[in-house]
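# Chain and residue survey
As a plain string of letters, each chain reads:
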Amino acid sequence: MEALLSLAGLYTITKDGYYTFTILTKTATPLFKKIHNTKNRRPIILRDEDIEVWLNNELNENEIRNVMEDDMEDEAINAYPISKDLYNPKVDSNRANIIEEVKYKELEIEY
């Protein structure tokens, strides 16, 4: 089994019974500036040891900020570009190799 990636988020149940959620973001780190470069944002990726902490309803504001600011570092993330066809409505994105690594010169990621 591959490791899970846990993102910091918030959820609520609306008065009419719908569940809604948001994923919290922060300013993009160097890795995310390359791959998420339009808005320069990055999801807050929780460290494994902070998952239970994040889920604690008793956290105060300082504890919440600490978890958000001390999230997973870029070096712990293995990222690579995949086919741009994934978002192309004219291409069958259900093909087996759609998430295999593809080399794009403009997206070279150095570790």
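These remarks concern the structure in this document. Predicted, not measured: the structure shown is a model, and the values here were computed from it.

## Describing the environment of Tyr11
Along the chain, Tyr11 falls in strand β2 (residues 9–13). Looking at Tyr11, the relative accessible area reads 63%, which means it is exposed. Counting along the chain gives 81 residues from Tyr11 to Asp92, while the straight-line C-alpha distance between them is 33 Å.

## Focus: unusual backbone geometry
Glycine aside, a negative phi is what most residues show, and trans is what most peptide bonds show. Of note in this structure, Asn40 is not a glycine but carries a positive phi near 50°. Topologically, Asn40 is positioned in the loop between α1 (30–35) and β5 (41–43). A relative accessible area of 33% means that Asn40 is categorised as partly exposed.

## As for the environment of Asn97
Tracing the sequence through the fold places Asn97 in the segment after α3 (61–69). The spatial distance from the C-alpha of Asn97 to the C-alpha of Ile23 is 28 Å, given a sequence separation of 74 residues.

## What about the pairing of β2?
Two elements, β2 and strand β3 (residues 19–23), share five bridges in a ladder whose sense is antiparallel. Looking at β3, one finds that Leu10 is bridged to Thr22. Linking β2 to β3, which pair antiparallel, is a turn of five residues; within it Gly17 sits at a positive phi near 90°.

## With respect to the pattern of salt bridges
Side chains bearing opposite charge may pair, as long as their charged atoms lie close to each other. Counting across every chain of the model gives eight salt bridges. Among the ionic pairs, Arg47 bridges to Asp70, the shortest N-O distance being 3.3 Å. One end of the pair, Arg47, is in the loop between β6 (45–46) and α2 (51–54); the other, Asp70, is in the segment after α3, with 23 residues separating them in the sequence. By relative accessible area, Asp70 is classed as partly exposed at 41%. Here Arg65 makes a salt bridge to Glu61, at a shortest N to O gap of 2.9 Å. Here Arg65 and its partner Glu61 are both found in helix α3, four residues apart, which amounts to about one turn of the helix. A network of salt bridges, in which partner residues are shared, links Lys26, Arg42, Asp71 and Asp74.

Reading the values: the criteria
Residues numbered from 1 in each chain as written. Predicted model: local features only at pLDDT ≥ 70, side-chain atom pairs only at ≥ 80, totals over all residues. Heavy atoms only, no water. Helix = DSSP H or I, 4+ residues; strand = E, 2+ residues; numbered from the N terminus. Buried < 20%, exposed > 50% of the residue type's maximum accessible area, 1.4 Å probe, protein only. Pairing = 2+ DSSP bridges. Salt bridge = Lys/Arg side-chain N within 4 Å of Asp/Glu carboxyl O.

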